[in-house]
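Summary of structural features
Residue strings, one per chain:
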Amino acid sequence: MSENQEIHRVGIGTDLHRLEPGGGLRLGGVDVPFDKRLAGHSDGDIVCHALIDALCGAAGLPDIGEQFPDTDPQWKGVDSTRLVEKVVERVRDLGYAAVNIDVVIHAERPKLSPYKAAIAERLADLLGLETSAVSVKAKTNEGVDAVGRGEAMACTVIAGLTGL
Ligand code: MG
């Protein structure tokens, strides 16, 4: 994708999941070693879920809860990168493709800086983008609120789309 691709639509997505004891934390399709994981009907990958809602918002598609209801057994324990792939196809069917995304992960622990590059590479791969078009930032909540107390993690994503 060209560096100077014009952005025609933008979308924002957010997600928050509770943390529960046990391994299996996955962020943006990358396994992150930690003694807790994100609870959820799927793998709880807040980065993929926020990304999906950003892409859907930009493309005018229904949100993640409408497209992949958590009452539907076929999405139980699903690898959320599969849902991203499906949404990328749906966005493409409407004549759009991602130009860039900007991701902010809110997590008190573990320290995510060692994993930001791997997450950016995985997301770039899923979206068919250069890694320079994918920004991944990680922030703590300074001990404030449920994220700050380590009870949950949250993510915000903004996506820009171009018309194909
Ligand atoms: Mg979610």
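Look up a bit, the structure's there.
These notes cover the structure that comes with them. Fair warning: this is a prediction, and the values are worked out from it, not measured in the lab. (Residues numbered from 1 in each chain as written. Predicted model: local features only at pLDDT ≥ 70, side-chain atom pairs only at ≥ 80, totals over all residues. Heavy atoms only, no water.)

What follows deals with the overall build of the protein chain. Within the protein chain, the secondary structure is distributed over five helices and seven strands. Here the C-alpha atoms of the protein chain give a radius of gyration of 15 Å, agreeing with the 15 Å that 2.2 N^0.38 yields for 164 residues. Based on the C-alpha atoms only, the size of the protein chain along its principal axes is roughly 45 × 35 × 25 Å. Within the protein chain, buried positions represent 47% of all 164 residues. Intrachain contacts of the protein chain at a sequence separation of at least 6 include 73% that bridge at least 24 residues. Only carbon and sulfur atoms are counted for the fraction: they give 47% of the accessible area of the protein chain, which is about 8,100 Å². Of note, the protein chain has its 17 positive side-chain charges centred 4 Å away from the centre of its 25 negative side-chain charges. (Helix = DSSP H or I, 4+ residues; strand = E, 2+ residues; numbered from the N terminus. Rg over C-alpha atoms; globule rule 2.2 N^0.38 Å. Buried < 20%, exposed > 50% of the residue type's maximum accessible area, 1.4 Å probe, protein only. Contact = heavy atoms within 4.5 Å. Areas by Shrake-Rupley, 256 points an atom, 1.4 Å probe, with all protein chains shown as cover. Lys, Arg positive; Asp, Glu negative; His and termini not counted. Charge placed at Lys NZ, Arg CZ, Asp CG, Glu CD.)

Here we come to the coordination of the magnesium ion. Every protein donor of the magnesium ion is listed here as Asp15 (OD), His17 (NE2) and His49 (ND1), and their distances to the metal cover 2.2 to 2.3 Å. In primary sequence terms, the donor set of the magnesium ion follows D-x1-H-x31-H. With a gap of 32 residues between them, His17 in strand β1 (residues 9–21) and His49 in helix α1 (residues 46–59) connect regions that are remote in the sequence. Judged on exposure class, the residue His17 and its partner His49 are both buried. (Donors = N, O, S within 2.8 Å, 3.2 Å for Na, K, Ca; no water.)

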